[in-house]
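# Coordinate inspection notes
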Amino acid sequence: MNPLYFDNNATTRVAPEVVEAMLPYFTEYYGNPSSMHTFGGSVAAQINDARAKLSDLLGASPDEILYTSCGTESDSTAIMAALRSNPDKKHVITSRVEHPAIKNLCEYLAKIGYRISFVPVDHKGRLDMEYLIRHLTDDTAIASFMWANNETGVIFPIDELAEILSERGILFHTDAVQAVGKVPIDLKKTRIDMLSLSGHKLHAPKGIGALYVRKGTKFSPFLIGGHQEKGRRGGTENVASIIGLGKASEIVAAHMAEENSRIKALRNKLETQLVQKIPNALVNGDTANRLPNTSSIAFEFVEGESILLMMNEFGICASSGSACTSGSLEPSHVLRAMGVPFTAAHGTIRFSLSIYNTESEVDLIVEKLPPIIERLRTMSPFWKGGCGCS
Amino acid sequence: MWEYTDKVKDHFLNPRNVGEIENPDGVGEVGSLACGDALTLYFKLDDHERIKDAKFKTFGCASAIASSSALTEMLIGKTLKEAETITNENIADYLGGLPKEKMHCSVMGRDALEKAITCYRGSAEKKVEGNIVCECFGVTDIQIERAVRENHLTTIEQVTDYVKAGGGCGNCHEKIQEIINTVLGKETPARKKSPALTNLQKIKLIEQTLEREIKPALNKDGGDIELIDVSGNIVQVRLRGTCATCKKSQITLKNYVEAKLRELVTPEIMVEEVTL
């Protein structure tokens, strides 16, 4: 059974063109870019080419990009570099809805003596700017706010944040793992100091990430080793994946308009029809400021894992913000931070699309999901037949 | 992706006995929306106190639905007396096992059954509610104590897997540990009261104590222990991992391993280290 893949915020299909671009670097051009001989050294030129493609996508210059192994490494590198470069500052500010790569790192930092402010969000997942401004101090080493939320797709006001933070001379890092490739980014126009991204969210393979570090930003490497990446990240380059990420950058740049028209329309169709056909279905997050590909829908009085496993029977792939799927006992920290009621949080499903999704796939989900929800609701002791009471 | 058995999948995708019973003889309601799972169990008896029908309504994950479905299947045809003996372990076994993080689903089934039987007997809800220990999931000390005793739990994580307590903010971890300690401590006098352990019983008890009590504690520091032999009251062990090279290992052996075995097995125990 071909999967109906609507879980692109988890990972994406590697674009066939990307695979094709990568293959020769396994078979033919396997040299080490650091080598003196032409066979290896010529690979370095190809890496530069790929770096230029990625920097074009971001509006950065190539020497502002350093490759990492994943989004998490980029995040850790950024935060730790800021703290090491500003050893007298002991405060970090971030939001309550960050990805675990930032959230858990900050919780760790709190344990080893840093002061962390977690800025709350409102019921639509919008950042409490007043709280944020109130908590900025001379002691703040770095502010880290995600560009777009992985669970709801809600986009933070990055330009405004950049302005507020640069005015105060505070380093600004953004985890843009979900945003890169989906929304236009121009780092020449925005005062962002560091930006993390991950290849496998934009049709490049898993195992490659990148960190943008604005020219002139004080930096200290996370992985200490060889001279690679100008001494900012030791370790032999993941050549094939770097080439792949370069190719993927070209592809998503070319599809940016489609992402924001066709994909967005498909997402909207899926969302509107599901909410229409299924009573007590609510969309989570700020629908006016959202990634074009993401929809987070709460189906009240049923539980997410059950929905996912029943959809799985039809090959439909999505994610849930419920507790049971993750092995934790509480719904996701994002939904809790937004104050989504328990009736809804446990039954939240995230659909995330990509350029490979089609209208017929959307139609199939619209056909299959309503009976699944109905079936689970007839099993649920809380469902009293659409009146919404419990 | 959870590793569910085929039986769990079957009971989830084709649940048996979903619904309500009109004028039931017993009803048991447990869980809540906030907790993420809830079950209402109904049963109807024939003239000989035999369960002739059982139905359920469940809100929850696949294993919660499967546990409920399995429970109704197990109940139908049983006398009330037989039904009373069903444990959460029985429900999990019936399904060919549950992932350990999902054991609380089987506990929920057992709890609902108990409530339904209490409801039938007419004895008002038992007044053994106890004090709330875990505020996130509203779990009392009595529930935790029971889960620890019945399922031989030794760690906070296991308690979370079985009754959810401690799975939220984590503020109650200390209290849960105290309950675990108390339960393990309470069992001690009972064991001590049986003075005439056979050799076999003694060896088994030593093995159990090593596995459940001593190994997990040593593992935490990267150490390990292996039972080599038991002759009379002399227990021969070999220390492994970091313990093997640790200068304090003799202290660990006397102050901890021997003390624990004396406390839980018999006061005459002597521990000896075997080196290669």
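Each chain carries its own residue numbering, running from 1 in the direction its sequence is written. In the order they appear in the text, chains get letters beginning with A and ligands get numbers beginning with 1. Confidence filtering applies because this is a predicted model: local features only for residues at pLDDT of at least 70, side-chain atom pairs given and counted only at 80 or more, and all residues used for totals across whole chains, interfaces and linings.

### Quick look at the domain arrangement of chain B
Residue and element names in this part refer to chain B. Domains assigned within chain B are domain 1 (6-121), domain 2 (132-191) and domain 3 (199-273). Residue ranges for the domains trace back to a domain assignment, done automatically or taken from a database. Here domain 1 and domain 2 have C-alpha centroids that lie 23 Å from each other. Every contact between the two is made by eight residues of domain 1 and, on the other side, eight residues of domain 2. Secondary structure counts use DSSP, requiring at least four H or I residues in a row for a helix and at least two E residues in a row for a strand, with both numbered from the N terminus. When residues of the side of domain 1 that touches domain 2 are assigned to their parent elements, the largest contribution, three residues, is made by helix H5 (residues 103-121). Grouping the amino acids of the side of domain 1 that touches domain 2 by side-chain chemistry returns three nonpolar, two polar and three charged. Two residues form a contact once the distance between their C-beta atoms, set from the backbone, is within 7 Å. Note that Gly is not counted as nonpolar here; it falls among the polar residues with everything else outside the nonpolar set of Ala, Val, Leu, Ile, Met, Phe, Trp, Tyr, Cys and Pro and the charged set of Asp, Glu, Lys and Arg.

### Considerations on the interface of chain B and chain A
Every contact between the two is made by 22 residues of chain B and, on the other side, 21 residues of chain A. Going through the elements one at a time, helix H1 (6-13), strand S2 (37-45), strand S3 (51-59) and helix H2 (62-75) of chain B are the ones with two or more residues in the side of chain B that touches chain A. Here the residues of the side of chain B that touches chain A are counted per class, giving 12 nonpolar, six polar and four charged.

### Focus: unusual backbone geometry
A positive phi angle, near 70 degrees, is found at His203 of chain A, a position not held by glycine. Take His203 of chain A: it is sitting in the loop between strand S7 (194-198) and strand S8 (209-213). For the exposure call, what matters is how many other C-beta atoms sit within 10 Å of a residue's own: 20 or more marks it buried, 12 or fewer exposed, and in between partly exposed, using C-beta atoms placed from the backbone. Residue classification places His203 of chain A among the buried residues on the basis of 28 C-beta atoms within 10 Å. For Lys164 of chain B, which is not glycine, the phi dihedral falls at a positive 75 degrees.

### Side note on the nonpolar core
Nonpolar cores are identified as sets of buried Ala, Val, Leu, Ile, Met, Phe, Trp, Tyr and Cys residues joined via C-beta atoms within 7 Å. By size, the foremost hydrophobic cluster in this structure holds 167 residues, and its most contacted members are Tyr212 and Ile307 of chain A together with Ile144, Val159 and Ala165 of chain B. A total of 12 residues in this core trace back to one element, the largest contributor, which is helix H8 (residues 239-277) of chain A. When residues no more than four places from it in sequence are discounted, the contact partners of Tyr212 of chain A are Leu58, Ala60, Glu64, Ile65, Leu187, Met194 and Leu195 of chain A. Formed by 14 residues, the second largest nonpolar core is a distinct cluster that contains Ile206, Leu218, Val257 and Ile269 of chain B.

### Brief notes about the pairing of strand S1 (residues 26-32) of chain B
Residue and element names in this part refer to chain B. As paired elements, S1 and S2 share seven bridges and run antiparallel to each other. Opposite Gly26, over in S2, you have Phe43 as the bridge partner. In this structure, the hairpin formed by S1 and S2 is closed by a connection of four residues, where Gly36 is found at a positive phi of approximately 95 degrees. Note: two strands are recorded as paired if DSSP finds a minimum of 2 bridges between them.

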